[in-house]
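# Overview (structure and organization)
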Amino acid sequence: MNAIYILWLRQLKRYFRSKSRMVGSLGQPILFLFALGFGMGPVYAKAGQGNYLQFLVPGVVSMGILFTAIFSGVEVIWDKQFGFLKETLVAPVSRLSIMFGRTLGGATVAVLQGCIVLVLSMLFGFRFPITALPMALVCMFFIALLFTALGTALASVLEDMQGFQLIMNFLVMPLFFLSGALFPINDNTPQVLKLITAFDPLAYGVDGLRDVLIGVTHFGLPLDMAVLSLVTVLFVVLGSYLFSKIQI
Amino acid sequence: MIPIISVTNLTKKFGDMTAVDGISFSVPTGGIFAFLGPNGAGKTTSIKMLTTLLAPTDGTIEIGGKSPQTDQDAVRRMFGIVFQDPSLDDELTAYENMEFHAVLYSVPVTLRKPRIEELMRFVDVWDRKDSLVKTFSGGMKRRLEIARGLLHHPQIFFLDEPTLGLDPQTRNHIWAYIQKLSKEEGITVFFTTHYMEEAQRVAQQVAIIDHGHIIATGTPQELMTKTKSASLEDAFLSLTGHEIREEEASSKDAMRNRRRMWHGGR
Ligand SMILES: Nc1ncnc2c1ncn2[C@@H]1O[C@H](COP(=O)(O)OP(=O)(O)OP(=O)(O)O)[C@@H](O)[C@H]1O
Ligand SMILES: [Mg+2]
């Protein structure tokens, strides 16, 4: 228990100390809100779909969480290379607690990042009912946990940071762009795209968050939560297993 | 004397490459044991297997009667270790690194502070306790790692090239302390080094490993007598030959340089 706590705390300390990382990872969401939110807004409104910024924000918040979460998970590779992982792996603590503590820490950091994006988006004019906040945080936490666990699983099998670019381009980017974070999924969406989206776990996160924040949904909140929790459990188990197999 | 570590036929293969090839030895309880060998001989790989980090390909290990394979936590509680490569969290302060260790090893809350302070004072980093480790010099980091390894009062202390990059003052200071610990607290010390005079001075028992094989064991005096040498260094050279381990040395150096680059780049 204490071990889980101290590992969680370590992730938070690292996050708060690395100002450049905190600020750097806000650049992208701001760019999306500004360029897409304002740039696409008129087109979207003309098509009779309403306010694009309102629609976009849950997607961009999810993006902030996704990137931070994957990155926190992948930090295991850093720890491997800088040697700190050895220190934790020779301690008389189960690998499950180690994996759990750092995954919870990474997920907490990702949720914080998501909250910052949410607050920023209000500067751009986004509005949501304050009563939706608790449920929104639950959604955000699931997204965060799911992808931190995925990142940890991947980092456990990768040797060094060279694989990171591969993950970004062939996993994280597709996960994001195919999640419906930027476009609505409805009857006009091509079937292929719809099908692929149904297999993207982030799609359920984005959809759930959107339902909670602005009341627009494709899958429906119950299905969103069911898929999110199931996949999260799956990835946490997978991540724990792969993490426990690390040899250095 | 009852050995605290006994190793039988220990083997580790990385693919086709055999890093440790069927070694057997034992370490007496409470003594200082030097594990010597040229670059790439298999020292670090052996220590990783002893300390539960790597699974052996073959052979058995007993640490205090327990197997690092099946009884990991019992073994992990028994030893402290200073790794060959850095293993501190650069983004935490010196004190936080110590505290992290104390929590992981369940050092009782009331003992944490005094013990951390005592050890950090001893290795002379107490006045920098709240600085981030990334601002430390190499020698300070090393000293902090040594303090950290002792924080949970281990029975066995593994030190993989602990004095690498330390100035003579610090080396003497640290060895004096470790010798005292061994004598007064009965801690078993298992260390590797490339400084032969250091080994000759502090080690009671020595094993020499080369190309994954143990080629000699005994007290420093026995090895010197056997090889008719005046120093352990001469004995070492006469046992392992004068040829430089070209390949291993250069790939290791390349790795270390890369690590340094990484550090600098962060
Ligand atoms: N993970 C690994 N994968 C493949 N080969 C490895 C691995 N770890 C070590 N080796 C190889 O095993 C051999 C023994 O390495 P080891 O690190 O144990 O040597 P060492 O005696 O500690 O050397 P040094 O004095 O340079 O630290 C070397 O040839 C090394 O290249
Ligand atoms: Mg070594």
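Structure's up top.
Note that the coordinates shown come from a computational prediction; the quantities given were computed from them, not determined experimentally. (Residues numbered from 1 in each chain as written. Chains lettered and ligands numbered in written order. Predicted model: local features only at pLDDT ≥ 70, side-chain atom pairs only at ≥ 80, totals over all residues. Heavy atoms only, no water.)

## Description of the packing of helix α2 (residues 19–46) of chain A against helix α3 (residues 52–82) of chain A
When two helices pack together, you describe them by how their axes are tilted relative to each other and by the distance separating the axes. Residue and element names in this part refer to chain A. Axis separation between α2 and α3 bottoms out at 9 Å; the angle between their running directions is 155°. For the element pair α2 / α3, the angle class is roughly antiparallel. The chirality of how α2 crosses α3 is right-handed. Taking contact as the criterion, the partners of Arg21, Gln28, Pro29, Phe32, Leu33, Leu36, Gly37, Met40, Gly41 and Tyr44 in α2 are, on α3, Tyr52, Leu53, Phe55, Leu56, Val57, Val60, Met63, Phe67, Thr68, Phe71, Ser72 and Glu75. Partitioning the contact of α2 with α3 into residue classes produces 15 nonpolar, 5 polar and 2 charged. (Axes fitted to C-alpha atoms, helices over the stretch in contact; angles between N-to-C directions. Helix = DSSP H or I, 4+ residues; strand = E, 2+ residues; numbered from the N terminus. Parallel < 35°, antiparallel > 145°, perpendicular 65-115°, else oblique. Left-handed = near helix turned anticlockwise from the far one by under 90°. Contact = heavy atoms within 4.5 Å. Nonpolar A, V, L, I, M, F, W, Y, C, P; charged D, E, K, R; others polar.)

## Brief notes about empty space enclosed by the protein
Taken as a whole and assessed by the stated rule, the structure comprises 3 cavities of 30 Å³ or more. Along its surface, the largest cavity is lined by Ile6(A), Leu9(A), Arg10(A), Lys13(A), Leu92(B), Glu96(B), Glu99(B) and Phe100(B). Of all elements in the fold, only α1 (2–17) of chain A together with α3 (94–104) of chain B reach the threshold of two or more residues within the lining of the largest cavity. Ranked by the residues each element gives to the lining of the largest cavity, the list is headed by α1(A), at 4 residues. For the lining of the largest cavity, a count of residues per class yields 4 nonpolar, no polar and 4 charged. (1 Å grid on protein atoms, 1.4 Å probe; cavity = no way out; pocket = protein on both sides within 12 Å on 5 of 7 lines; lining within 4 Å. Points joined across faces, edges and corners; volume = space filled by probe spheres on them.)

## Description of the packing of aromatic side chains
Within this structure, the stated rule accounts for 25 aromatic pairs over all chains. An aromatic cluster is built from Phe25(B), Phe33(B), Phe35(B), Phe79(B), Phe158(B) and Phe190(B), whose rings are joined through pairwise contacts. Looking at Arg210(A), its charged tip hangs above the ring of Phe55(A), at a distance of 3.6 Å from the centre. Against the face of Tyr195(B) rests Arg171(B), its NZ or CZ located 4.2 Å from the ring centre. (Phe/Tyr/Trp six-rings, centres within 6.5 Å; stacked < 30°, edge-to-face > 60°. Lys NZ or Arg CZ within 6 Å of the ring centre and 35° of its normal.)

## Concerning the coordination of the magnesium ion (ligand 2)
Ideal coordination angles are 109.5 degrees for a metal with four donors arranged tetrahedrally and 90 or 180 degrees for a metal with six donors arranged octahedrally. In this structure, Thr44(B) (OG1) and Gln84(B) (OE1) serve as the protein donors to the magnesium ion (ligand 2), at separations of 1.9 to 2.0 Å. On the criterion of sequence distance, the pair formed by Thr44(B) in helix α1 (residues 43–50) and Gln84(B) in the loop between β5 (79–82) and α3 is long-range, its members being 40 residues apart. (Donors = N, O, S within 2.8 Å, 3.2 Å for Na, K, Ca; no water.)

## Describing the site of ligand 1
All names here are of chain B. Taken together, 16 residues lie near ligand 1, and Asn39, Gly40, Lys43, Thr44 and Thr45 sit nearest. Interatomic distance of 2.8 Å between a side-chain N/O atom of Asn39 and an oxygen atom of ligand 1. With respect to ligand 1, the side chain of Gln84 contributes an N or O atom lying 2.9 Å from an oxygen atom. In the complex, the protein chains occlude 74% of the 640 Å² of accessible area that ligand 1 would expose alone. Of all the secondary structure elements, the ones that give two or more residues to the shell around ligand 1 are β2 (17–28), α1 and α10 (246–265). In terms of residue count, the dominant contributor to the shell around ligand 1 is α1 (3 residues). Considering only residue class, the shell around ligand 1 consists of 5 nonpolar, 7 polar and 4 charged. (Near = heavy atom within 4 Å. Polar contact = N/O pair within 3.5 Å; in protein donor to acceptor, adjacent residues only side chain to side chain. Areas by Shrake-Rupley, 256 points an atom, 1.4 Å probe, with all protein chains shown as cover.)

## Here we look at the sheet that holds strand β4 (residues 58–63) of chain B
All names here are of chain B. Read across the open sheet, the 3 strands follow the order β2-β1-β4; overall the sheet is antiparallel. Because the sheet does not close on itself, it has two edges, and the strands there are β2 and β4. Direction aside, the axes of adjacent strands within the sheet are offset by 15° on average. Here 5 bridges tie strand β1 (residues 3–14) to β4, and the two strands are oriented antiparallel to one another. By the bridge assignment for β4, Thr11 is matched with Asp58. Across the face of the sheet, α1 comes into contact with β1, β2 and β4 while running at roughly 115° to β1. (Pairing = 2+ DSSP bridges.)

## Structural notes on the pattern of salt bridges
All names here are of chain B. What the rule picks out here adds up to 18 salt bridges over all chains. Taking the shortest distance from any N to any O, the salt bridge between Asp90 and Lys141 comes out at 4.0 Å. With Asp90 in the loop between β5 and α3 and Lys141 in helix α5 (residues 138–150), this pair connects stretches of sequence that are 51 residues apart. On the basis of relative accessibility, which here comes to 8%, the residue Asp90 falls in the buried class. Linking Lys129 and Asp130 is a salt bridge whose minimum nitrogen-to-oxygen distance equals 3.2 Å. (Salt bridge = Lys/Arg side-chain N within 4 Å of Asp/Glu carboxyl O. Buried < 20%, exposed > 50% of the residue type's maximum accessible area, 1.4 Å probe, protein only.)

## Considering the packing of helix α5 (residues 95–123) of chain A against helix α10 (residues 221–244) of chain A
All names here are of chain A. Two numbers describe how α5 lies on α10: the axes approach to 9 Å, and their chain directions differ by 125°. As judged from the angle between their axes, α5 and α10 are oblique. Note on packing geometry: the crossing formed by α5 with α10 is right-handed. Residue-level inspection shows Arg95, Leu96, Ile98, Met99, Phe100 and Arg102 of α5 in contact with α10, the latter providing Val236, Gly239, Ser240, Phe243 and Ser244. A per-class count over the contact of α5 with α10 returns 6 nonpolar, 3 polar and 2 charged.

## Some words on the pairing of strand β8 (residues 205–210) of chain B
Residue and element names in this part refer to chain B. Among the 6 residues in β8, 5 count as buried, and that is most of the element. As defined by bridge partners, strand β3 (residues 32–36) adjoins β8 across 4 bridges and the pair is classed as parallel. If you follow Phe33 over to β8, its bridge partner there is Gln205. For β8 and strand β9 (residues 213–218), the ladder comprises 5 bridges, and the chain directions are antiparallel. Each residue of the ladder has a partner; that of Ala207, found in β9, is Thr217. What sits between the antiparallel neighbours β8 and β9 is a turn of 2 residues, in which His211 has the positive phi angle 50°.

## Looking at the state of the cysteines
Residue and element names in this part refer to chain A. On inspection of all chains with the given rule, the structure shows 0 disulfides over all chains. You can see Cys115 has no disulfide; the closest cysteine sulfur is in Cys139, sitting 12 Å from it. Cys115 gets classed as partly exposed once you look at its relative accessible area, which sits at 25%. For Cys139, a relative accessible area of 0% gives the class buried. (Disulfide = S-S within 2.5 Å.)

## Overview of the interface of chain B and chain A
Of the residues lining the interface, 34 residues belong to chain B; the matching set on chain A comes to 25 residues. Interface area for chain B against chain A, summed over the two sides, is near 2,900 Å², with a carbon-plus-sulfur share of 59%. The tally of links between chain B and chain A comes to 5 salt bridges. Among the salt bridges present, the one from Arg148(B) reaches Glu87(A), with a minimum N-O distance of 3.4 Å. There are 10 residue pairs in polar contact (both at pLDDT 80 or more) connecting chain B and chain A. (Buried area = accessible area lost by both parts, 1.4 Å probe.)

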